[in-house]
Amino acid sequence: MTLSVSYKLSIKVKTKLLKAIIHLTSLLPICLLYLSAFNDELGADPVEAVIHFTGIGAFNLLLLTLLVTPLAKQFKQGYLMKVRRLLGLYAFTYAFFHVLNFIAFDLQFNLTLLFDEVVKRPYITIGLIAILLLTALAITSINYFKRKMGKSWQKLHNAIYLIILLVGIHFYWSVKSEVIEPTIYIVISFVLLYLRRRKFTL
Ligand code: HEM
């Protein structure tokens, strides 16, 4: 009895600690990024630097979200599953800032220009589909929707696998010649998707 209470307590403490680490390591970099931008410390092209940082940050967090289940299963650490939603929400936050920076600084909030970009540049079209899907997942991630949507909730949230693929293509098509980094990301994505292969039903 005392053993099971202390076991549950240690799980609670571990989960809280992990969540605190995730909050810190996700929020601090983005705050420092904008602080550096305001202090003009991001080099010759601060807009590009901010778009790059938030785009890569979003992709890293998406991949981490996908890594949680295989890690929890492999090492029998069920409590890890409790941080999946938090990681996913930070992935969305980074992606949101990524898109917002593009619309604010590159396009000066000109929505006609955004429409032109979506039509003319396939990598922007793909990015738009990815952020729309990611927004749907972020909104429906709250428990209210999970309860209300029943089985369709899981079906919708399986879109994470499609999002990973779309973001990989978006990244690959966005670069002009330097394809090594996006290729590495795509390979990692495929490895993680392979580990989750049983789930591929939309
Ligand atoms: C409407 C949606 C989106 C727009 C308009 C957009 C826009 C851009 C732009 C302008 C770039 C830089 C291309 C360049 O350097 O010339 C870029 C790169 C990138 N984007 Fe997006 N993006 C969108 C969605 C997303 C989403 C949802 C993610 C991730 C979850 C993402 C991740 C990335 C990554 C990883 C890069 C490469 C970073 C770099 O090398 O600079 N993007 N995107």
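For the structure itself, look to the data block above.
Given the structure is predicted, the values throughout are model-derived calculations rather than measurements.

**Some points on the pattern of salt bridges**
Within the structure shown, the criterion is met by one salt bridge. For Glu 117, the salt bridge goes to Arg 121, with nearest N and O atoms at 2.6 Å. Here Glu 117 falls in the buried class, since its relative accessible area comes to 15%.

**A word on the coordination of the iron atom of the ligand**
Distances from the iron atom of the ligand to its protein donors, His 98 (NE2) and His 170 (NE2), fall within 2.0 Å. Coordination at the iron atom of the ligand is octahedral: its six donor atoms span angles of 87 to 179° at the metal. Here His 98 is found in helix α3 (residues 84-106), whereas its partner His 170 is found in helix α8 (residues 159-174), with 72 residues between them in sequence. On the accessibility criterion, His 170 (17% relative accessible area) is buried.

**Here's the deal with the layout of surface pockets**
Size it by volume and the largest pocket reaches roughly 1,200 Å³. Surrounding the largest pocket, 40 residues form its lining, Ile 51, His 98, Tyr 123, His 170 and Ser 174 being those nearest its centre. Only α2 (46-74), α3, α4 (111-120), α5 (122-139), α8 and α9 (180-195) provide two or more residues apiece to the lining of the largest pocket. Looking at the lining of the largest pocket residue by residue, the classes come out as 25 nonpolar, seven polar and eight charged. Counted as a void, the second largest pocket has a volume near 990 Å³. As for the second largest pocket, its lining consists of 34 residues, and the residues nearest its centre are Thr 65, Thr 69, Met 81, Arg 84 and Arg 85. Those elements that place two or more of their residues in the lining of the second largest pocket are α1 (2-38), α2, α3, α5, α6 (143-149), α7 (151-157) and α8.

**Let's talk about the nonpolar core**
Leu 62, Leu 66 and Ile 163 are the most contacted members of the largest nonpolar core, which totals 42 residues. Secondary structure elements with two or more residues in this core: α1, α2, α3, α5, α8 and α9. Among the elements that line this core, the one with the most residues is α2, at 10 residues. Aside from chain neighbours lying at most four places away, what touches Leu 66 is Ile 160, Tyr 161, Ile 164, Leu 192, Leu 193 and Arg 196. In terms of nonpolar packing, the next biggest core, distinct from the first, is built from seven residues, Ile 51, Phe 102, Leu 107 and Ile 124 among them.

**Topic: the site of the ligand**
Near the ligand there are 21 residues, and of these His 52, His 98, His 170, Phe 171 and Lys 176 occur at the shortest range. In the model, a nitrogen atom of the ligand is placed 2.8 Å from a nitrogen or oxygen of the His 98 side chain. Within the side chain of Lys 176, an N or O atom sits 2.9 Å from an oxygen atom of the ligand. More than half of the atoms belonging to the ligand lie within 2 Å of the grid points that define the largest pocket.

**A look at the packing of aromatic side chains**
Counted according to the given criterion, the structure contains seven aromatic pairs. Residues Phe 96 and Phe 97 carry aromatic rings whose centres are separated by 5.9 Å and whose planes lie at 75° to one another, so their mutual orientation is edge-to-face. An angle of 80° between the planes, with centres 5.3 Å apart, marks the rings of Tyr 144 and Phe 145 as edge-to-face. Look at Tyr 144 and you get partly exposed, because its relative accessible area is 45%. Taking the relative accessible area as the measure of exposure, Phe 145 reaches 27% and is therefore partly exposed. Among the aromatic residues, ring-to-ring pairing joins Tyr 34, Phe 92, Phe 96 and Phe 97 into one connected group. One cation-aromatic arrangement involves Lys 146 over Trp 153; the distance from NZ or CZ to the ring centre is 4.6 Å. A cation over an aromatic ring shows up here: Arg 197 above the ring of Tyr 194, its NZ or CZ 4.1 Å from the ring centre.

**Topic: the environment of Tyr 172**
Relative to the elements of secondary structure, Tyr 172 occurs in helix α8. Spatially, the C-alpha atom of Tyr 172 lies 34 Å from that of Tyr 79, the residues being 93 residues apart in sequence. Not counting chain neighbours up to four residues away, the residues in contact with Tyr 172 comprise Val 179, Pro 182, Thr 183 and Ile 186.

Rules used in this analysis
- Residues numbered from 1 in each chain as written.
- Predicted model: local features only at pLDDT ≥ 70, side-chain atom pairs only at ≥ 80, totals over all residues.
- Heavy atoms only, no water.
- Salt bridge = Lys/Arg side-chain N within 4 Å of Asp/Glu carboxyl O.
- Buried < 20%, exposed > 50% of the residue type's maximum accessible area, 1.4 Å probe, protein only.
- Donors = N, O, S within 2.8 Å, 3.2 Å for Na, K, Ca; no water.
- Tetrahedral: all angles 85-135°; square planar, octahedral: opposite > 155°, others 65-115°.
- Helix = DSSP H or I, 4+ residues; strand = E, 2+ residues; numbered from the N terminus.
- 1 Å grid on protein atoms, 1.4 Å probe; cavity = no way out; pocket = protein on both sides within 12 Å on 5 of 7 lines; lining within 4 Å.
- Points joined across faces, edges and corners; volume = space filled by probe spheres on them.
- Nonpolar A, V, L, I, M, F, W, Y, C, P; charged D, E, K, R; others polar.
- Core = buried A, V, L, I, M, F, W, Y, C linked by side-chain atoms within 4.5 Å.
- Contact = heavy atoms within 4.5 Å.
- Near = heavy atom within 4 Å.
- Polar contact = N/O pair within 3.5 Å; in protein donor to acceptor, adjacent residues only side chain to side chain.
- Sits in = over half its atoms within 2 Å of the grid points.
- Phe/Tyr/Trp six-rings, centres within 6.5 Å; stacked < 30°, edge-to-face > 60°.
- Lys NZ or Arg CZ within 6 Å of the ring centre and 35° of its normal.

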